[in-house]
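Residue-level structural notes
Residue strings, one per chain:
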Amino acid sequence: MTMFRQGRGTNDSGPAPEALRLVGVSKTYGVGESAVTALDGVTLALARGTFTAVMGPSGSGKSTLLQCAAGLERPDSGIVMVDGTELTGGGEAELTKFRRGRIGFVFQQYDLLPTLTVAQNTVLPLKLARRRVDRARAREILTSVGLGDRLGHLPDQLSGGQRQRVAIARALVAEPRVIFADEPTGALDTRSAREVLGLLRQAVRAHGRTVVMVTHDPLAASYADSVVFLADGRRAGELHAPTVDTVAKRLAHLGDDALLGV
Ligand code: ADP
């Protein structure tokens, strides 16, 4: 990590660094007349061990925020820090290494490799990062997400909810500082969605992970500790201890009634 700048607060005596800090992050796609400003100076600090939902109308910059925060996209300007380390300072190789070591991902479409078993998919991030593979620990995590009897199954032998639970186990096994989830329940029925959301909350409560989740769904957001709203690439308020009702009301105030029907 020597090529990354360390932020303040990483020394032993100082306060623990936030899990995630964005300072004035901007990102524009395209040039000239077709340029679209996806993020326009977003500043955000999330403490360790918190579960945050990011919400806003379609096109408000949620996915871009997640991509920049996770080091998958580089912002045009601004600073991104994960766990006290600046992502925006280093080269591509360091970034990839950092991502593999400290960041977990859960996507709507699971992104499991179809030819690998549940157990093999779960330990893949460790293999890619050339880290020691603790199979007993992987089994333990898979058991904790209710898949202890599915270790040898292939993804297409599983339901959508089970596949997403594999994706969560895969994110957890590397013991990342931050787990980024992009619409993790978007393809699931309500019951499976609740199970997956419960597991994400469990990762925060029981294991001290930090979860940042983009969602359209007030029910999903109600599992988070707080919600950050975006509109037109900017922060547009936040909500602590959200409930389905308070989230839905706030979304209505953001002026996108269509979201309420999702
Ligand atoms: P959301 O996730 O809230 O729907 P996005 O972050 O996907 O919003 O997109 C924000 C804006 O940036 C949108 O206008 C979108 O069309 C644009 N955008 C996002 N990604 C790209 C890209 N790779 N190329 C061009 N425009 C993009």
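This write-up is about the structure you can find in this document. (Residues numbered from 1 in each chain as written. Predicted model: local features only at pLDDT ≥ 70, side-chain atom pairs only at ≥ 80, totals over all residues. Heavy atoms only, no water.)

Turning to the overall build of the protein chain, a few remarks are in order. Counting its secondary structure elements, the protein chain contains eight helices and ten strands. On C-alpha atoms alone, the protein chain measures out to a radius of gyration of 18 Å, which is about the 18 Å that the 2.2 N^0.38 rule sets for 262 residues. Overall size of the protein chain, expressed as C-alpha extent along the three principal axes, is 50 × 45 × 40 Å. When contacts within the protein chain are restricted to residue pairs at least 6 apart in sequence, those whose partners lie at least 24 apart make up 67%. For the protein chain, the accessible surface area stands at approximately 12,300 Å², while carbon and sulfur atoms represent 49% of it. When the 32 basic and 27 acidic side-chain charges of the protein chain are each reduced to a single mean position, those positions are 7 Å apart. (Helix = DSSP H or I, 4+ residues; strand = E, 2+ residues; numbered from the N terminus. Rg over C-alpha atoms; globule rule 2.2 N^0.38 Å. Contact = heavy atoms within 4.5 Å. Areas by Shrake-Rupley, 256 points an atom, 1.4 Å probe, with all protein chains shown as cover. Lys, Arg positive; Asp, Glu negative; His and termini not counted. Charge placed at Lys NZ, Arg CZ, Asp CG, Glu CD.)

This paragraph deals with the sheet that holds strand β4 (residues 77-82). Taken together, four strands build an open sheet; the order of strands is β2-β1-β4-β5 and the sheet is antiparallel. In this open sheet, the two strands that pair with only one neighbour each are β2 (36-46) and β5 (85-86). Where helix α1 (residues 62-69) meets the sheet, its contacts fall on β1 (20-29), β2 and β4, and the angle it forms with β1 comes to roughly 120°. (Pairing = 2+ DSSP bridges. Axes fitted to C-alpha atoms, helices over the stretch in contact; angles between N-to-C directions.)

So, about the layout of surface pockets. Here the largest pocket defines a volume of roughly 440 Å³. Forming the walls of the largest pocket are 17 residues, and the residues nearest its centre are R100, F105, P125, L128 and R170. (1 Å grid on protein atoms, 1.4 Å probe; cavity = no way out; pocket = protein on both sides within 12 Å on 5 of 7 lines; lining within 4 Å. Points joined across faces, edges and corners; volume = space filled by probe spheres on them.)

Right, let's talk about α1 for a bit. The element α1 is extensively covered by neighbouring structure, given that six of its eight residues are classed as buried. Taken residue by residue, α1 has K62, T64, L65, L66, C68 and A69 as its buried positions. A positive backbone phi angle near 75° is found at G71, which sits one or two residues after α1. (Buried < 20%, exposed > 50% of the residue type's maximum accessible area, 1.4 Å probe, protein only.)

This part is about the nonpolar core. Soluble globular proteins: nonpolar side chains tend toward being buried together. With 45 residues, the main nonpolar core has F51, M55, V106, I168, M213, V227 and V247 as its most contacted residues. Setting aside its immediate chain neighbours within four residues, F51 contacts L197, L200, R201, V204, V211, M213, Y223, A224, D225 and S226. Grouped together as the second largest cluster of nonpolar side chains are 27 residues, L20, L46, L66 and C68 included. (Core = buried A, V, L, I, M, F, W, Y, C linked by side-chain atoms within 4.5 Å.)

Considered for burial, the residues of helix α4 (residues 135-144) that qualify are A138, I141 and L142. Taken end-on, α4 shows its buried residues confined to a sector of 100°, consistent with a single buried face. Residues of α4 that are buried make contact with α3 (118-128) and α5 (160-173). (Arc of directions from axis to C-beta.)

Let's shift gears to the site of the ligand. Residues in close proximity to the ligand include Y29, V36, A38, P57, S58, G59, S60, G61, K62, S63 and T64, which together make up its full environment. Within the side chain of K62, one N or O atom sits 2.8 Å away from an oxygen atom of the ligand. S63 has a polar backbone atom sitting 2.9 Å from an oxygen atom of the ligand. Against a free-state accessible area of 560 Å², the protein chains account for coverage of 59% of the ligand. For the shell around the ligand, the secondary-structure elements that each account for two or more residues are β2 and α1. (Near = heavy atom within 4 Å. Polar contact = N/O pair within 3.5 Å; in protein donor to acceptor, adjacent residues only side chain to side chain.)

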